[in-house]
Every structure is written in C-alpha cells, then in structure tokens.
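Breakdown of the fold
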Amino acid sequence: MTQSDTFLAAAADLLGPRGLTRDADLLAPWLTDWRGRFTGKALALASPANTGEVARLVKLCAKHDVPIVPQGGNSGMSGGATPDGTGEALLLSLRRMDAIRDFDADARQVTCEAGVILQSLHKKAEEHRLRFPLTLGGKGSATIGGLVSTNAGGTQVLRHGTMRAQVLGLEAVLADGSVLDTLTPLKKDNRGFDLKQLLIGSEGTLGIVTAATLRLLPESGDRRVIWAGLDSLQMARKLLLHCERLAGDSLEGFEVVPAHSLAAVLDHLPDARAPLVGKHSWNALIELVAPADEAEALGGTTEELLESAMKQDLLGDAVVAANETQAEAFWQLRDSIAPAERAIGPAMQHDISVPVARMADFVEAASPMVEKRFPGTRAIAFGHLGDGNVHFHVLAPAGAARGEWEKSEGKAISAYVHDLVTEWGGSISAEHGIGQVKRDELGRLGGPVALAVMRSVKQALDPRGLLNPGKLVPLAKDRATP
Ligand SMILES: Cc1cc2nc3c(=O)[nH]c(=O)nc-3n(C[C@H](O)[C@H](O)[C@H](O)COP(=O)(O)OP(=O)(O)OC[C@H]3O[C@@H](n4cnc5c(N)ncnc54)[C@H](O)[C@@H]3O)c2cc1C
C-alpha cells in the first residue's frame, strides 16, 4: 500500500461513501475554474457533512502530509479553488454543509454553514422580512464559505461594505485540525486580535471556514432602479456625486456599463432589451432604497434627483424601472456582463481599484495606453464605480485563438495594467482575491513590509504549507522542507 492509498482508505472510513469520491466524472466539473483558465488534478473529492468531519479530515491530511484545496461553489475569479496539476491535493468541498444552524429574526442574525448558497440565504431572509445586504452575479453558486474566504464585494458595497462588514462571528478549522470558534457575536470584544478578520479574505490559506454568523437588515420598503445614459465616465462620476448628495443613505448601488458591454449582453441574452432607445457611450445603473416608513418619499427623491441631474447636464437620458420585473431585468443586464464578455472571445480580466475620485481619469488614461501598447486589443471597464472598483478587461484582437492568445500575450498585458494601477495608487485586486492568477503579481508589486507580515502569518498558522498551496501568499517555496 502506498502512502496515498493509506490516506485514502482512512479518509473513506472517516467520511463514508457520500463523503469521498475518486470518480473522474464526479470530479471533472470541479477541477476547472469558472473562467476556464485553470484545470488541475486532485487525489479525491472530499465532501464532509459537518465541522467534526472537517476537523478529523484535516488532522488526517496533516498526518499524511496531504495538501488541501478548499472549495465552495467554484465561482471564484482567481483560480483559488482549483488544485495544481500534480494530483497530490485533496479537493475539500464544503457544499454538503448547507444547513442554516440558527436564524434569530429579533437579533437580525443568521448562522450558516459554509456551503449555504448566497441566493438561498437571500430567500431565507426574505421569508422573515429581512435581507442579507450583499449580492453579486454569481449568487446562484457562490457559498458563504467562499464569500467569506474571498471577502467578496458585489453591487451593494457602496452602502453596506464587503463581506468583512457582514460577518459577526466565524467557525474555522485550522491547519492542525483544531476548531476556532468565534461564532457568538459580541458587540464589544477587546480580547486582542480579531481573528475572524484574519481569516476573512485569506482564500483558504489560513483555515477552512465551516460556519459564519452574519448580520441581517430589515427588508427595504421600496426601491427605485434607474438606468441612465451618459456621454462619458467623467459624467458618471459627477452623477455619482450628485446622487450621493441628494439621496444620501438611500443610494445603495451605482454601477457603470459601457456601450460595448451592453451590446455584448444584448447579444448574449436573446430576450433582453436595451432600457433606453438612444445609444450612449456609458450607462449608469443606480439603485435607491428606503425603509418601509420612508418608502413614499423615495419616489419624490428619485424624481428630484433625475430632474436636477438633467438640468445640470449630468445625464443624457434616463428611465426608472416601472416595476420589480423591470428592475430585475435592468440588474440582469449588469449581472450578465461577465458571461457575455466571456462568450465573445478571449480577454485578460483585471479586477482593480483606485481612489474613487480618480477612477474616471484612470480609465480614460489607461485604456488608450493599453490599446496602443497591444495593437488590436480593446480595453473595457465596467462595474462598481461607486466603490472605485472596475473590471478592466482587455479584449483580444478579432480572430485570436482562446487559450493561445492568453498564453502568449496575457502576462505582458496584465503586468502593464497592474503597473499602471500601482502608479495610480490602486490595488491589483479589489474584490476577486489573489488566488493563483495574481500571486506572482502580488509578489512583484506588493509592499515588502506587507508581504513579510503575510508570510509570517502563513508560517505561524500553516507551517507546513498544506492549506491551499500555491495560492495568495507569494512565498519562494509553498511547502517548508520538513
Ligand atoms: C457571474 C459572476 C459574477 C460575480 N460577481 C462578483 C462580484 O461582483 N463581486 C465579487 O466579489 N465576486 C464576484 N464573483 C466571484 C465569486 O462569486 C466570489 O468570489 C465568491 O465569493 C466565490 O464563492 P465560491 O463559494 O464560489 O468560492 P470558490 O470559488 O469555491 O472559492 C473561492 C476561494 O475561496 C476558498 N474557499 C472556498 N470555500 C472556502 C471555505 N469554506 N473555507 C476556506 N476557503 C474557502 C477557495 O479555496 C478559493 O480560494 C462573481 C462570480 C460570477 C460567476
């Protein structure tokens, strides 16, 4: 019996037939990332049923020196949940752990296991006339464990913050199999480091998230979803400031969609229609919400906001969704940009942020520079202008072969974009994390002190480098020599 046979036999004993498989057909869908950029191999797919099983499995992995790649819905954008090509790592899926352990409507808190899908949490909250204030295009697949581990953002960050702001407590299994339990939320707790914050955004490299206690908000009494046509991104920035001034706390989302992305979505979704008749270089998708007791006033605020924006030439044209179905249809246009762009052809995607006030200048300066430096490409920016975060995609020249183009040009393009972002004082990863796609770039461009601290933390919590090796932390060597 080889070392891995011994491990697999013990893991099968521990997890039972539902909890462990080596069936190639069952494994295949989970070995390639959502964007189709990375495909790996795994020793087996483990699907534990509860935290106790995760803890015992991690202990077993530590005993046999088996690396672990944690995985939720596999909707991540950075290849963080895809194992490498050696086939040595165990793919640890949390999807089976999808129970809502506790729902406290009075305290407005929910404790979910890691495998709960975001959309299911939204539904559960709605049943109690509450809401979970974070949403994103991958909500049908993304799990709470994945959202926590990537510190996901989405389209409501402007008002409610990223996942960091939603997590009140966390349960995680550490590299030695011990369970860190900070699930019970305390409003005030100054017992030293905030360990849950250390785990949030650590992409499975410091621990395996098994459950989280999350904050909920009262349901919105009403919302207004506006689609506005604009001449430029500068105009969008001015409109954003105008909305912030007039709508204050009611402003929940402010997304920008260039004409190219809207056209791509309309091609991709056969039943979709453009919200405005005329064509505009840019579009803004704006959402205003109000609690039940202020719902009536929201209509007036929206009208006033649009009228004054028109008078000040801050928008070309605008339409307010007439009902919920139309509001959802507007959001579907925004949420479908990623799959629509993916269907067009190869592209290098960059999830970047710069200070909000500089974003329009950045996009206007960087786009022609990239297109000149890499002839035939087209730079497209869309997304969360209100957060100073856009997805800056560089589309391949017409006819470029998928796979080959990225291999030959991709690295140089991304390095060029990341250098520009760094010069502008921004971040090479705003919300998608580092994973394997940006690990070397973080090593190249990250501040030496920040990198040294990250390496020390990794060394302290996972000295043998068994948790998600090759991801996030730019180490010279992932696995310390025993
Ligand atoms: C159409 C579309 C739109 C999207 N829009 C947005 C957006 O607006 N904003 C945004 O932030 N993201 C967005 N995403 C990306 C994605 O949905 C998020 O990154 C999400 O958090 C990933 O969750 P997941 O469960 O699929 O995690 P996975 O993809 O399975 O894993 C992501 C990372 O987390 C680790 N991980 C997963 N579960 C655990 C766990 N339980 N414990 C420890 N580590 C774990 C993995 O190892 C990996 O490193 C979008 C994705 C799609 C497909």
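Residues numbered from 1 in each chain as written. Predicted model: local features only at pLDDT ≥ 70, side-chain atom pairs only at ≥ 80, totals over all residues. Heavy atoms only, no water.

1. Re the sheet that holds strand β10 (residues 208–215)
- The strand order β5-β6-β10-β8-β9 describes an open sheet built from five strands, whose pairing is antiparallel. The open sheet terminates on both sides in strands that have one partner only, identified here as β5 (100–104) and β9 (179–181). In this sheet, adjacent strand axes meet at a mean angle of 10° when their direction is disregarded.
- The pairing of strand β8 (residues 167–173) with β9 spans three bridges and is antiparallel. When the sheet's bridge partners are listed, Val 173 is paired in β9 with Val 179.
- Docked against the sheet, helix α3 (residues 51–64) engages β5, β8, β9 and β10, running at close to 45° with respect to β8.
- Strand contacts of helix α4 (residues 118–127): β5, β6 (109–113) and β10, with the helix running at about 35° to β5, the strand carrying the most contacts. (Pairing = 2+ DSSP bridges. Helix = DSSP H or I, 4+ residues; strand = E, 2+ residues; numbered from the N terminus. Axes fitted to C-alpha atoms, helices over the stretch in contact; angles between N-to-C directions. Contact = heavy atoms within 4.5 Å.)

2. Describing the pattern of salt bridges
- Going through the model one piece at a time under the given rule, you end up with 17 salt bridges.
- Its salt-bridge partner being Glu 328, residue Arg 223 comes within 2.7 Å of it at the nearest N-O pair. Of the two residues, Arg 223 is situated in strand β12 (residues 222–230) and Glu 328 in helix α12 (residues 324–335); the sequence distance between them amounts to 105 residues.
- Taking the relative accessible area as the measure of exposure, Arg 223 reaches 19% and is therefore buried.
- Since its relative accessible area comes to 41%, Glu 328 is described here as partly exposed.
- Several salt bridges share partner residues, and in doing so they unite Arg 223, Glu 287, Glu 324 and Glu 328 into one network. (Salt bridge = Lys/Arg side-chain N within 4 Å of Asp/Glu carboxyl O. Buried < 20%, exposed > 50% of the residue type's maximum accessible area, 1.4 Å probe, protein only.)

3. Observations regarding the sheet that holds strand β3 (residues 68–71)
- With mixed pairing, four strands are arranged side by side in an open sheet as β1-β2-β4-β3. Taken across any chain shown, the strands that pair with only one partner, and hence form the sheet edges, are β1 (20–21) and β3.
- Sheet topology places β3 next to strand β4 (residues 90–93); four bridges connect them, and they run parallel. Residue Ile 68 lies in a different strand from β4, and its bridge partner there is Leu 90.

4. Some words on the packing of aromatic side chains
- Enumeration over the complete set of coordinates arrives at four aromatic pairs.
- Ring geometry for Phe 374 and Tyr 416: centres 5.8 Å apart, planes at 80°, overall edge-to-face. In this pair, Phe 374 sits in the loop between α14 (359–373) and β17 (378–384) while Tyr 416 sits in helix α15 (residues 404–423), placing the two residues 42 residues apart along the sequence.
- For Phe 374, a relative accessible area of 5% corresponds to the buried category.
- Every member of this aromatic cluster is reached through a ring pair, and the members are Phe 362, Phe 392 and Trp 424.
- In this structure, Lys 124 packs its charged tip against the face of Phe 103, placed 5.9 Å from the ring centre.
- Over the ring of Trp 34 we find Arg 342, and its NZ or CZ is 4.2 Å from the ring centre. (Phe/Tyr/Trp six-rings, centres within 6.5 Å; stacked < 30°, edge-to-face > 60°. Lys NZ or Arg CZ within 6 Å of the ring centre and 35° of its normal.)

5. Quick notes on the site of the ligand
- Around the ligand sit 35 residues, and of these Pro 70, Gly 72, Ser 75, Gly 76 and Thr 143 come closest.
- A distance of 3.5 Å separates a nitrogen atom of the ligand from a polar backbone atom of Gly 204.
- Taking Glu 431, its side chain carries an N or O atom lying 3.1 Å from a nitrogen atom of the ligand.
- Considered on its own, the ligand offers 980 Å² of accessible surface; in the complex 96% of this is hidden by protein.
- Grouping the constituent residues of the shell around the ligand by class yields 12 nonpolar, 21 polar and two charged. (Near = heavy atom within 4 Å. Polar contact = N/O pair within 3.5 Å; in protein donor to acceptor, adjacent residues only side chain to side chain. Areas by Shrake-Rupley, 256 points an atom, 1.4 Å probe, with all protein chains shown as cover. Nonpolar A, V, L, I, M, F, W, Y, C, P; charged D, E, K, R; others polar.)

6. Section: a nonpolar patch on the surface
- On the surface, a nonpolar cluster with roughly 330 Å² of combined accessible area is contributed by Phe 193, Leu 195 and Leu 198.
- Leu 195 gets classed as partly exposed once you look at its relative accessible area, which sits at 37%. (Patch = residues over 30% accessible without salt bridge, like charges linked within 9 Å, V, L, I, M, F, W, Y side chains within 5 Å.)

7. Overview of the nonpolar core
- Ranked by internal contacts, the top residues of the largest apolar core, which has 47 residues, are Leu 239, Phe 254, Ile 286, Phe 362 and Phe 392.
- Sort the elements by how many residues they give to this core and helix α9 (residues 233–247) lands first, with seven residues.
- Setting aside its immediate chain neighbours within four residues, Ile 286 contacts Arg 224, Val 225, Ile 226, Leu 239, Cys 243, Leu 251, Gly 253 and Phe 254.
- By size, the runner-up hydrophobic cluster in this structure holds 29 residues, among which are Val 110, Val 116, Leu 136 and Ala 152. (Core = buried A, V, L, I, M, F, W, Y, C linked by side-chain atoms within 4.5 Å.)

8. Quick notes on empty space enclosed by the protein
- Tallying each qualifying case throughout the model produces one cavity of 30 Å³ or more.
- What lines the largest cavity is simply Trp 34, Arg 35, Met 77, Ala 338, Glu 341, Arg 342, Gly 345, Ala 347, Gln 349 and His 393.
- Those elements that provide at least two residues to the lining of the largest cavity are α13 (337–344) and β16 (347–353).
- Looking at the lining of the largest cavity, the element that brings in the most residues is α13, giving three residues.
- Tallied by class, residues from the lining of the largest cavity come to four nonpolar, three polar and three charged. (1 Å grid on protein atoms, 1.4 Å probe; cavity = no way out; pocket = protein on both sides within 12 Å on 5 of 7 lines; lining within 4 Å. Points joined across faces, edges and corners; volume = space filled by probe spheres on them.)

9. Considering unusual backbone geometry
- For Arg 108, which is not glycine, the phi torsion reads 55° and is therefore positive.
- Mapped onto the elements, Arg 108 comes out in the loop between β5 and β6.
- Classification of Arg 108 by relative accessible area gives partly exposed; the value is 38%.
- With phi around 50°, Asn 151 is a residue other than glycine that occupies positive phi space.
- For Asn 151, the location among the structural elements is in the loop between α5 (144–150) and α6 (157–160).

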